[in-house]
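Survey of secondary and tertiary structure
Read off the chains here:
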Amino acid sequence: MASDRRTLLADAALDVLADEGMRGLTHRAVDRRAAMPPGTTSAYFRTRAALLAALVSRLVRLDQEELQMTAQDLPPLRTVEELVDAMARLTRQRLSGEGRRRSLARHACAVESVRDPELRAILVPRENAGREAVRLFLAERGVTDAEDRTHTLLTCVDGLIFDRLVNGGEVRREALEGLVVAALR
């Protein structure tokens, strides 16, 4: 039960962060969002640092699950168009619904991690099936530094997502195509 409650509280913290920002993330706000008695969150996560670490760990776990499921649904990527389609799908997921909420929380936590090495360690990009599919796509086309280019390409896609979170709208397909073409050069 404690593990389930920790997950519930981490999910509530993620919601508070997405809705109210870092300043709104308090133990009391999480208690209210989780519909728990006052003091529940602080009983499980004594400090703000512990609460943030739990939130970020949950966020990473949800993101990894999403990327794994997305990659499983994809056939092997054979063309630039197929890779761009997959990236367009991911950007739409990250800019709407729960994906948007997680994106807002992720970026707030990334900024916070500049001053918090523990959070930075949790947020470090991880291997996943989606990242591996991009790396393989580039390597199969003769890109010798496929690992570095994968990192650069996906970082650029994250930047486009951030820009659209801030400024509204969708990531243009042409922008994604341009990034893939540049990665293949």
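Rules used in this analysis
- Residues numbered from 1 in each chain as written.
- Predicted model: local features only at pLDDT ≥ 70, side-chain atom pairs only at ≥ 80, totals over all residues.
- Heavy atoms only, no water.
- Helix = DSSP H or I, 4+ residues; strand = E, 2+ residues; numbered from the N terminus.
- Buried < 20%, exposed > 50% of the residue type's maximum accessible area, 1.4 Å probe, protein only.
- Contact = heavy atoms within 4.5 Å.
- Areas by Shrake-Rupley, 256 points an atom, 1.4 Å probe, with all protein chains shown as cover.
- Lys, Arg positive; Asp, Glu negative; His and termini not counted.
- Charge placed at Lys NZ, Arg CZ, Asp CG, Glu CD.
- Phe/Tyr/Trp six-rings, centres within 6.5 Å; stacked < 30°, edge-to-face > 60°.
- Lys NZ or Arg CZ within 6 Å of the ring centre and 35° of its normal.
- Salt bridge = Lys/Arg side-chain N within 4 Å of Asp/Glu carboxyl O.
- Expected span 1.5 Å × (residues − 1).
- Arc of directions from axis to C-beta.
- pLDDT = per-residue confidence, 0-100.
- Axes fitted to C-alpha atoms, helices over the stretch in contact; angles between N-to-C directions.
- Left-handed = near helix turned anticlockwise from the far one by under 90°.
- Nonpolar A, V, L, I, M, F, W, Y, C, P; charged D, E, K, R; others polar.

A look at the overall build of the protein chain
From N to C terminus, the protein chain includes 10 helices and 0 strands. Overall size of the protein chain, expressed as C-alpha extent along the three principal axes, is 55 × 30 × 30 Å. Out of the 185 residues in the protein chain, the part that is buried amounts to 39%. Restricting the contact set of the protein chain to residue pairs at least 6 apart, pairs at least 24 apart contribute 64%. Accessible surface for the protein chain amounts to roughly 10,000 Å². Of this, 54% is attributable to carbon and sulfur atoms. A gap of 5 Å separates the mean positions of the 29 positive and 28 negative side-chain charges of the protein chain.

Some details on the packing of aromatic side chains
One pass over the structure, following the stated rule, counts 0 aromatic pairs. Of note, Arg141 hangs over the ring of Phe137, and the distance from its end group to the ring centre comes to 3.7 Å.

A short note on the side chain of Asp31
Of note, Asp31 is situated in helix α2 (residues 27-33). Of the side chains with opposite charge, Arg28 comes closest to the buried, unpaired Asp31, at an N-O distance of 6.7 Å.

Quick look at helix α9 (residues 146-167)
For α9, built from 22 residues, the straight-helix expectation of 32 Å at 1.5 Å per residue is met to within 8% by its first-to-last C-alpha distance of 31 Å. Taken together, the buried positions of α9 are Ala146, Thr150, Leu153, Leu154, Val157, Ile161 and Leu165. Seen along its axis, α9 keeps its buried residues to an arc of 125°; they face one direction. Residues of α9 that are exposed and point over 90 degrees away from its buried face: Asp148, Val166 and Asn167. On its buried face, α9 sits against α5 (80-94), α6 (97-113), α8 (129-140) and α10 (173-184). Remark: Gly168 follows α9 within two positions and exhibits a positive phi of approximately 80°.

Considering α6
Under the 1.5 Å per step criterion, the end-to-end length of α6 is 25 Å for 17 residues, consistent within 8% with the ideal 24 Å. All of the buried residues in α6 are Gly99, Arg102, Ser103, Ala105, Arg106, His107, Cys109 and Ser113.

Points about the confidence of the model for the protein chain
For the protein chain, mean pLDDT is 92; residues scoring 70 or higher make up 99% of the total. At the low end of the mean pLDDT range in the protein chain sits helix α4 (residues 48-73), at 89; at the high end sits α2, at 98.

Thoughts on the pattern of salt bridges
What the rule picks out here adds up to 17 salt bridges. One salt bridge connects Arg172 with Glu174, and the closest N-O pair in it is separated by 3.4 Å. Several salt bridges share partner residues, and in doing so they unite Asp15, Asp19, Glu20, Arg33, Glu98 and Arg101 into one network.

Topic: the packing of α4 against α5
Close contact between α4 and α5 brings their axes to 11 Å; oriented N to C, the two are set at 145°. Of the two elements, α4 crosses α5, and the hand of that crossing is right-handed. Along the contact surface, α4 presents Asp63, Glu66, Leu67, Thr70 and Asp73, while α5 presents Arg89, Leu90, Gln93 and Arg94. Residues belonging to the contact of α4 with α5 are distributed by class as follows: 2 nonpolar, 2 polar and 5 charged.

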